[in-house]
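Examining the three-dimensional arrangement
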Amino acid sequence: MEHLNDEKIRELELHANDVRQTIIEMLIAAGSGHTAGPLDMADIFTLLYFHALHHDPRNPDWPDRDRLILSNGHIAPVLYATMAHAGYFPVEECKTLRKFGSRLQGHPHREWLHGLETSSGPLGSGLSQAVGMSLADRMERGPQSNRFYYCLMGDGELDCGQIWEAAMLAGKEKLHNLIGIVDRNNIQIDGFTEDVIPLEPLKEKWESFGWHVQEIDGHNMEAINDAINEAKAIFNKPSMIIAHTIPGKGVDFTERRFEWHGNPPGKGPGDVVAKDKQGEEALNELRTLRGLIKSEHQ
Ligand SMILES: Cc1ncc(C[n+]2csc(CCOP(=O)(O)OP(=O)(O)O)c2C)c(N)n1
Ligand SMILES: [Mg+2]
């Protein structure tokens, strides 16, 4: 199993920091959109697009590519920011988020942006789509196919019944090239998941549906990479990675608060940082963090 060395980890952490800064910049420019989920998934998206995925940003239609299916479409800013930094389109275009005619809609529109595998926004359907793609792959290439299907979901999204229909089928079909990743940030639109509809014991639930399940720290590059490698190595089951994350990760005043689910800087709760200072303060914090990561490396 391939491990990350210290230099690679720092490089990925710097990319993740750039992705977070771009997320904040695009949300400020849009004046609307989601902050908590995109910030907390920046490390996982970075590890995927800069290390784990087999893909080619210059050739998004490459047939042998792995597929990344974003089921929780509202965290699109992290998908766009990572794709831009990975070379799919200019980073500057990120500032067109949610603008009329932009390729970067508030929720991903597959036909508008090359490199997207699906359109999403209505929660709950991404896993079914990923199961269908994985089954089709098996029919086309047989069980030895080395293309992987990554489906990213929110934890609140698991309240949708369709997820569990797909989970049952994937378990029955032993879809070993299907890898689910749940953003276990404990929040959803209007509260904490365990107050809205308790999900625990979540690991056991997925296991009972026939999945190989790992729980990891979703901000630790090494842990994310090891979990993906393990998931790829499991041959007779689909894999689920429950990634524990801190909503709003990287910006102190947005962390751990569900009120940042659907508000951009400038419109979030103003009790810690005044609304008109939120954008600037968030960017300053991330720039400082970048300096710290850099100096750690020298
Ligand atoms: C079918 C459907 N119902 C409701 C919504 C509205 N909605 C958007 S995000 C969200 C909360 C989802 O929670 P989670 O997946 O945990 O996202 P997080 O708050 O962590 O970003 C809801 C209810 C939706 N997009 N689709
Ligand atoms: Mg959540």
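Everything quoted here is computed from the prediction, not taken from an experiment. (Residues numbered from 1 in each chain as written. Chains lettered and ligands numbered in written order. Predicted model: local features only at pLDDT ≥ 70, side-chain atom pairs only at ≥ 80, totals over all residues.)

1. A few points about the site of ligand 1
Around ligand 1, a shell composed of 19 residues is seen, among which Gly-37, Gly-154, Gly-156, Glu-157 and Gln-188 lie nearest. Across the shell around ligand 1, the residue classes break down as 6 nonpolar, 10 polar and 3 charged. (Near = placed C-beta within 6 Å. Nonpolar A, V, L, I, M, F, W, Y, C, P; charged D, E, K, R; others polar.)

2. Some thoughts on the packing of helix α5 (residues 126-141) against helix α6 (residues 161-173)
Contact geometry for α5 and α6: axes closest at 8 Å, N-to-C directions at 25 degrees. Between α5 and α6, the angle is such that the two are roughly parallel. In this structure, the crossing between α5 and α6 has a hand that is left-handed. Facing Leu-127, Ser-128, Val-131 and Leu-135 of α5, the residues of α6 in contact are Gln-162, Ile-163, Glu-165, Ala-166, Ala-167, Leu-169, Ala-170 and Glu-173. When grouped by side-chain class, the residues that make up the contact of α5 with α6 number 8 nonpolar, 2 polar and 2 charged. (Axes fitted to C-alpha atoms, helices over the stretch in contact; angles between N-to-C directions. Helix = DSSP H or I, 4+ residues; strand = E, 2+ residues; numbered from the N terminus. Parallel < 35°, antiparallel > 145°, perpendicular 65-115°, else oblique. Left-handed = near helix turned anticlockwise from the far one by under 90°. Contact = placed C-beta atoms within 7 Å.)

3. Describing α5
Compared with the 22 Å implied by 1.5 Å per residue over 16 residues, the 22 Å span of α5 between its first and last C-alpha is a close match. What α5 keeps buried is the set Gly-126, Leu-127, Ala-130, Val-131, Met-133, Ser-134 and Asp-137. Buried residues along α5 cover an arc of 165 degrees about the axis, so they all sit on one side. More than 90 degrees from the buried face of α5, the exposed residues found are Ala-136, Met-139 and Glu-140. The first or second residue beyond α5 is Gly-142, which carries a positive phi of 85 degrees. (Expected span 1.5 Å × (residues − 1). Buried ≥ 20, exposed ≤ 12 C-beta atoms within 10 Å, placed from the backbone. Arc of directions from axis to C-beta.)

4. Details of the pairing of strand β2 (residues 149-154)
Summarising burial for β2: 6 of the 6 residues are buried, a large majority. By the alternation rule, side chains of β2 split into Tyr-149, Cys-151 and Met-153 and Tyr-150, Leu-152 and Gly-154, which are all buried. Examined bridge by bridge, strand β1 (residues 67-70) and β2 share 4 bridges and lie parallel to one another. Bridge pairing links Leu-70 to Leu-152 in β2. Where β2 meets strand β3 (residues 178-184), 6 bridges bridge the pair, whose relative direction is parallel. What sits directly across from Met-153, in β3, is Val-182. Viewed along the sheet, the connection from β2 through α6 into β3 turns out right-handed. (Pairing = 2+ DSSP bridges. Right-handed = clockwise from strand over helix to strand, strands pointing away.)

5. Examining helix α1 (residues 6-30)
Given 3.6 residues to a turn, an α-helix orients residues that are three or four positions apart in the same direction. In a regular helix each residue adds 1.5 Å, so 25 residues correspond to 36 Å; α1 covers 36 Å between its end C-alpha atoms and thus fits that length. Once α1 finishes, Gly-31 follows within two positions and takes phi at roughly 75 degrees, a positive value.

6. With respect to the UniProt feature "domain: Transketolase N-terminal" (unreviewed entry) in the protein chain
Under the feature "domain: Transketolase N-terminal" (unreviewed entry), the UniProt entry names residues 16-267. Overall, residues 16-267 shows 38% helix and 13% strand. The separation of its end C-alpha atoms is 24 Å. (UniProt positions renumbered as here; feature names shortened; annotations may be inferred.)

7. Comments concerning the environment of Glu-200
Assignment of secondary structure puts Glu-200 in the loop between α7 (193-196) and α8 (202-208). Along the sequence, Glu-200 and Thr-96 sit 104 residues apart, while their C-alpha atoms lie 39 Å from each other.

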